[in-house]
Amino acid sequence: MALVPCQVLRVAILLSYCSILCNYKAIEMPSHKTYGGSWKFLTFIDLVIQAVFFGICVLTDLSSLLTRGNGNQEQERQLKKLISLRDWMLAVLAFPVGVFVVAVFWIIYAYDREMIYPKLLDNFIPGWLNHGMHTTVLPFILIEMRTSHHAYPSRNSGLAAICTFSVGYILWVCWVHHVTGMWVYPFLEHIGPGARIIFFGSTTILMNFLYLLGEVLNSYIWDTQRSMEEEKEKPKLE
């Protein structure tokens, strides 16, 4: 038996994301007042994705609790739709985008923080909030993947969806540059047009790889757990 029920964990994670978003939006930074506001940053978009995803998880848990044993077929159909939406969101957005934000941010930060998170931002964003945006996303999504099985969509439709998101965000970043004359991320100012094309192409490929990684990890976790449960059942059957 789990030390903390997964339903309680989801509520706690949802509340933490709401707190992070509220604290982030309360910060008066110059970049928040320019074209695109917070929505030009993938970190902020990811926080919204994670909050919406865990909101759906909590709603699914509540719906499951309310429909348990009442035999209402319409409510059961609605619950199945919620579960399908929850699973689709984890597969296509919450896992690949969340892992991408954590991995790319800290890799570039370790190389040269001024390229992704200038030291000037320390005057606006406290350390705990930075980790809330760029670190805890990974353990939270892994906890969710470990505590609940998620049915992935067909590989082709899943990859098409994550490609659409990736290309859409790249076009948004380019549009912001077109309007303002400045790139959203400082390091894009220091590389040439060819290098930017390679970088944008590489990020799309990485997003696709992370989608596949999530699919494999989800299968591994639950195939392993199923095998362990079958091993436990064997002595009872003999």
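Above: the structure in question.
Residues numbered from 1 in each chain as written. Predicted model: local features only at pLDDT ≥ 70, side-chain atom pairs only at ≥ 80, totals over all residues. Heavy atoms only, no water.

Some points on the packing of helix H3 (residues 73–112) against helix H6 (residues 155–180)
Turning to step 1, where the next piece is worked out: Two numbers describe how H3 lies on H6: the axes approach to 10 Å, and their chain directions differ by 45 degrees. Relative to H6, the element H3 is oriented oblique. H6 is crossed by H3, and the crossing has right-handed handedness. Counting all contacts with H3, which are made through Trp88, Val92, Leu93, Pro96 and Val97, the residues of H6 involved are Gly158, Ala161, Ile162 and Phe165. (Axes fitted to C-alpha atoms, helices over the stretch in contact; angles between N-to-C directions. Helix = DSSP H or I, 4+ residues; strand = E, 2+ residues; numbered from the N terminus. Parallel < 35°, antiparallel > 145°, perpendicular 65-115°, else oblique. Left-handed = near helix turned anticlockwise from the far one by under 90°. Contact = heavy atoms within 4.5 Å.)

Remarks on the side chain of Asp46
Turning to step 1, where the next piece is worked out: Relative to the elements of secondary structure, Asp46 occurs in helix H2 (residues 42–67).
Turning to step 2, where the next piece is worked out: The charged side chain of Asp46 is buried without a salt bridge, its nearest counter-charge being Lys25 at 16 Å.
Turning to step 3, where the next piece is worked out: Those residues in contact with Asp46, other than ones at most four positions away along the chain, are Val97, Gly98, Val101 and Val137. (Buried < 20%, exposed > 50% of the residue type's maximum accessible area, 1.4 Å probe, protein only. Lys, Arg positive; Asp, Glu negative; His and termini not counted. Salt bridge = Lys/Arg side-chain N within 4 Å of Asp/Glu carboxyl O.)

With respect to helix H5 (residues 137–147)
Turning to step 1, where the next piece is worked out: Among all positions in H5, only Val137, Phe140, Ile141, Glu144 and Met145 are buried. For H5, the angular spread of buried residues about the axis comes to 135 degrees, placing them on one side. (Arc of directions from axis to C-beta.)

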